[in-house]
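A closer look at the structure
One letter stands for each residue in the lines below.
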Amino acid sequence: MSDTLISEVETLKDSGVFTTNALENEAIYIMREVAAQFEKPVLLFSGGKDSITLVRLAQKAFYPAKIPFPLMHIDTGHNFPETIEFRDRLVKELGLELIVRDVQDSIDQGKVKEESGKYASRNSLQTTTLLDAIEEFKFDACIGGARRDEEKARAKERIFSVRDDFGQWDEKNQRPELFDMLNGQIEHGQNVRVFPISNWTELDVWSYIQKEEIEIPSIYFAHKRNIFLRDGLIWSAEDDIVFRAADEEVKEMVVRFRTVGDMSCTAAVESHADTIDRVVQEIRDSSISERGARIDDKRSEAAMEKRKQQGYF
Amino acid sequence: MKVLKIATAGSVDDGKSTLIGRLLYDTKSLTTDKLEAIEKTSKQRGYDYLDFSLATDGLVAEREQGITIDVAHIYFSTATKSYIIADTPGHVEYTRNMVTGASTSQAAIILIDARKGVIEQTNRHFFINNLLRVKDVIVVINKMDLVDFSEEKYNAIKADFEELMSKRDYQDQHITFIPASALKGDNVVNKSENMPWYEGQTLLEHLEELDLEDIYNTGTPRFPVQYVIRPKTDEYHDFRGFAGKVYGGQLSVGDDVVALPSQTKSKIKDIYFYDKKYQTASRRSSVTITLEDEINVSRGDMLVKVGDLPTIDKQFTATISWMDSKKFAAGNKYLVQHGVNKVLAKVDTIHYKINPDYSGIDENIDGLGMNDIAKVTFKLNKPIFYDAFKDHRTNGSFIIIDTQSNNTVGAGFIQ
C-alpha cells in the first residue's frame, strides 16, 4: 500500500515536478458523472492522442470494472493506416466495444457530397455520419477530447454541452456551469457533448502521456516520409488521398504529426522528436499553435464555430 | 505544475481584453500564428494598435459587436504556474457570468478605469466576489497613462474602494491594488517606469506569489457518492466500490464513517485510485472507497466521518443569484442540484432582495428577475446533507434547474 494519495494540495507543494493531477481528478469526476447521469453514453474515439488519453481516464474512473460505455469511431476513410491499426489493437487489448460508422456510407447514400479540388477534405462531412449514428444508437451523451485551448470558439464550450435534435450548438444560450456541478438534464431527442479534458492544454496532454507511459500511434513521432509543400505546410504524399497538383514536387523529409485528423486536412511538421521526451520538449518550445497545421480551421476566422453550430464535434 | 484559476470582471471599455492580451503577449504565450491573425485583423479594421480582444472573443457575434457575450477560458503558463483565466463579460447577464467565473476561481481581478474611478459596476464586481468568498481580489486601476500616471488619482480611487471594503461580509478576503496601463504594458508583466511612486508588485509578480490554498478545501471531509462500481467479474465478485471526489478534509483507511441519509455506520476498508491502494485520500482526489460492512449506499448518498455530521434537513435558507429571464416567485417548483444530489424544491419565502451594490436591501418584492440576488427559503421533497457556504464551499452551494427547460437558472449559497 502506498502513502497518501498525491492530489492537488500535495501537488502544489512539490515544485518542479510536473503533474497534471488536479486536471486528472477533474476528468475522472466528469467521466463518472456521465456514467451516472446518462442512459446511453459513448466515447468518440478518433485514434488521436486526446481520445487515447480519454480512454485511460475512463479506465481510471471505473476500475476495477470495465469502462461502462462503448467507443465509436467516425471513420472518414482517410485516416492514417497507423491510426486504424492502433485503434484495433487498443480495443482488443482492453476488451472494449468499438462501433465504426463510415463517412463513405453517407457519401454512397447521397447524404453528403464529396468535396473536390485542391483543399478537398472529408473532415466536415463527418458531422452527418456522426449525427446519424447518434440517432441510430440513441446515444444521449458523447464524450469527446476537445480542449478549450485549441481554438477560440472551443474556449466558449461547456463541459456538458447540450445539443438539440439537429445536433446544433446554441452558442449564445449555454447553461452556466458553477462549482463542480454538472447539469445533465435533457429532453428526449437532445444529447450532450461532454469534454472531460476541457481545461487541459496541449502540453498537459503530452505530459500526461509521458508520465503515464501511454502508447500512441507511431505517426506522432519523427519518421521519414514522402511529402510535398503547399502554402508553407507539409503534406503527406504517401498515398493519393491528399490531392496533389502535377507541379507539386514530392521529396523525402523527417517529419511528425502534431495532431492526427483526417489525412486531407492534417499537415505534418518538420521534427526530429522521435521519443515522447523529445516531443514534450518540442511542444514546450513551440511558437506555433497545434491547430496551425489544421487547414480546416484556416478557411475563415469563424470556421470552427460554424462547424460546431452544424453539429461538428 | 500549479494551476491557478482567475476570474476577471470589468465594465465595457475598461480594457479587460487588452489586459489579458497584454498578459499573454508579455509572457510570450501567444503563438506566432495567433499573433499573426490578430495583426492581420487589427490592420484590416484600421486600428493603430493590436486588438487583443480578437484573441479572446471567440464567437462571431462577439467580434461583430465588439463585446464579450459569454465566459471564455484562456490558458497561459509561466515557469512555475499554469493559469486559467475565466473572462467574464459585464453585459446583460452580468451576474450569471460573474458568479459562474467566481465559483471556480481562487483569485479575481477587478478592473477600474482610472479616468472613471469606482463606479456602480465596480461595487457589483466586488460584491459578487465577496459573496462567493473568492480568496484574493486584485484591483487593477487601469489606463493610468490617460491620467498622467498620477499618484493622487490612484490614491483617491484606492480610498473610494476601501470604503466599499468596510461594508463587505467576508472580511478575510485579501485585497491588493495595482496601478497599470494594459495598453502600454505598465505593471502588468513588466514594472512601470512611469510610476516610480508605486513600490508594489506588477500583476504577474503578484499572481506568481499567490498562496494557492485550494478554494474548495475548507471544512471537514465530505464524500458525495457519484457512482457505485460493481465489476461483477470472477476476480472482483463481491466488490462494491463507492466512486466520488473527496471534499473538505482527507479520508483514511480505518476511518469510522456514517453513510447518509441511512446513518448506517461502517469503516473505510480500502481506498483505490485506479489500480493502486492508498492509505489516505486527499482533498479533491477522485477515488473509489470500499467499506468493511455491506451497507446500502447509492448515488447521491454521502459518506462523512462519525461525529462530524452536516445538517440534515428538508429545508434551508440561502442567498441565491437568479440567472433566468423567467420570473422567480414564491410557490414555484424547481430542481435543486446540491453536489451530485438532485431534489425537488419549492420556494417557500423570498425574504428580501439584496442590492448587489452595497446600497441595502429591498423587502417590497413579489419575485425575482434576471441578475437579482436575494435571500430565499426552500422546502425540499427529501432531506439533503449540507453545510453553510462559509464553512464549506462545496457542500454549501447548489444550482437551481428549471423543470421545464432543464436549464440552470440560478445558484445559491446556503446560510
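Just so it is clear, the model here is predicted, and its values are computed rather than measured.

**A few points about the overall build of chain B**
Looking only at helices and strands, chain B features eight helices and 22 strands. The buried share of chain B, reckoned over its 415 residues, is 62%. In chain B, 69% of the contacts between residues at least 6 apart in sequence involve partners at least 24 apart. Just so you have it, chain B exposes about 16400 Å², and 44% of that area is on carbon and sulfur atoms.

**Quick notes on the packing of aromatic side chains**
This structure, assessed with the given rule, holds 29 aromatic pairs over all chains. For the pair Tyr-154 of chain B and Tyr-198 of chain B, a centre-to-centre distance of 6.4 Å together with 75° between the ring planes defines the contact as edge-to-face. Remark: Tyr-198 of chain B occurs in the loop between β6 (174-179) and α8 (203-209) and Tyr-154 of chain B occurs in helix α7 (residues 151-165); sequence separation between them is 44 residues. Of the two residues, Tyr-154 of chain B and Tyr-198 of chain B, neither departs from the other in class, the shared state being buried. Where Tyr-236 of chain B meets Phe-239 of chain B, the ring centres are 5.6 Å apart and the plane angle is 85°; that geometry is what we call edge-to-face. Here Tyr-236 of chain B matches Phe-239 of chain B in class, with each residue buried. Through a chain of ring-to-ring contacts, three or more aromatic side chains come together here, namely Phe-316, Trp-322, Phe-328, Tyr-334, Phe-378, Tyr-386 and Phe-398 of chain B. The ring of Trp-206 of chain A has Arg-256 of chain A lying over it, and the distance from NZ or CZ to the ring centre is 5.6 Å. The aromatic ring of Tyr-29 of chain A is capped on one face by Lys-245 of chain B, whose charged end is 5.1 Å from the ring centroid.

**Remarks on the sheet that holds strand β9 (residues 251-256) of chain A**
Residues and elements named next belong to chain A. Strand order across the open sheet formed by four strands is β8-β7-β9-β10, with antiparallel pairing between neighbours. Taken across any chain shown, the strands that pair with only one partner, and hence form the sheet edges, are β8 (233-236) and β10 (269-270). Here β9 runs beside β10; their pairing, made up of two bridges, is antiparallel. The residue of β10 that forms the bridge with Val-255 is Glu-270.

**Observations regarding the pairing of β9 of chain A**
Pairing of strand β7 (residues 223-230) of chain A with β9 of chain A, which is carried by five bridges, proceeds in the antiparallel orientation. Residue pairing across strands places Lys-224 of chain A opposite Val-254 of chain A, the latter belonging to β9 of chain A.

**Topic: unusual backbone geometry**
The amide bond that connects Tyr-63 of chain A to the next residue, Pro-64 of chain A, takes the cis arrangement and shows omega of 0°. Turning to its location among the elements, Pro-64 of chain A is positioned in the loop between α3 (49-62) and β2 (71-75). Residue Pro-261 of chain B is reached from Leu-260 of chain B by a cis peptide bond, and omega for that bond is 10°. Looking at the secondary structure, you find Pro-261 of chain B in the loop between β10 (256-260) and β11 (264-273).

**Comments concerning the environment of Tyr-272 of chain B**
Among the secondary structure elements, Tyr-272 of chain B is positioned in strand β11. Owing to a relative accessible area of 10%, Tyr-272 of chain B belongs among the buried residues under this scheme. Between the alpha carbons of Tyr-272 of chain B and Thr-290 of chain B there is a distance of 8.2 Å; along the sequence they are 18 residues apart. Here Tyr-272 of chain B is in contact with Tyr-63 of chain A together with Phe-239, Lys-277, Val-287, Thr-288 and Thr-290 of chain B, once residues within four sequence places are set aside.

**Digging into the nonpolar core**
One finds Met-31, Leu-43 and Phe-160 of chain A together with Phe-223 and Ile-289 of chain B to be the most contacted residues of the largest nonpolar core, which totals 85 residues. It is helix α2 (residues 21-37) of chain A that provides the largest number of residues to this core, a total of eight residues. Within the second largest apolar cluster, 73 residues are counted, among which are Phe-161, Met-165, Phe-177 and Leu-203 of chain B.

**A closer look at the pairing of strand β2 (residues 72-77) of chain B**
All names here are of chain B. With respect to burial, β2 is a largely interior element, five of its six residues being buried. In the sheet, β2 pairs with strand β3 (residues 81-88) via six bridges, with the strands oriented antiparallel. Note that in β3 the partner of His-73 across the bridge is Ala-86. Between β2 and β3, which pair antiparallel in sequence order, lie three residues.

Basis of the calculations
Residues numbered from 1 in each chain as written. Chains lettered and ligands numbered in written order. Predicted model: local features only at pLDDT ≥ 70, side-chain atom pairs only at ≥ 80, totals over all residues. Heavy atoms only, no water. Helix = DSSP H or I, 4+ residues; strand = E, 2+ residues; numbered from the N terminus. Buried < 20%, exposed > 50% of the residue type's maximum accessible area, 1.4 Å probe, protein only. Contact = heavy atoms within 4.5 Å. Areas by Shrake-Rupley, 256 points an atom, 1.4 Å probe, with all protein chains shown as cover. Phe/Tyr/Trp six-rings, centres within 6.5 Å; stacked < 30°, edge-to-face > 60°. Lys NZ or Arg CZ within 6 Å of the ring centre and 35° of its normal. Pairing = 2+ DSSP bridges. Core = buried A, V, L, I, M, F, W, Y, C linked by side-chain atoms within 4.5 Å.

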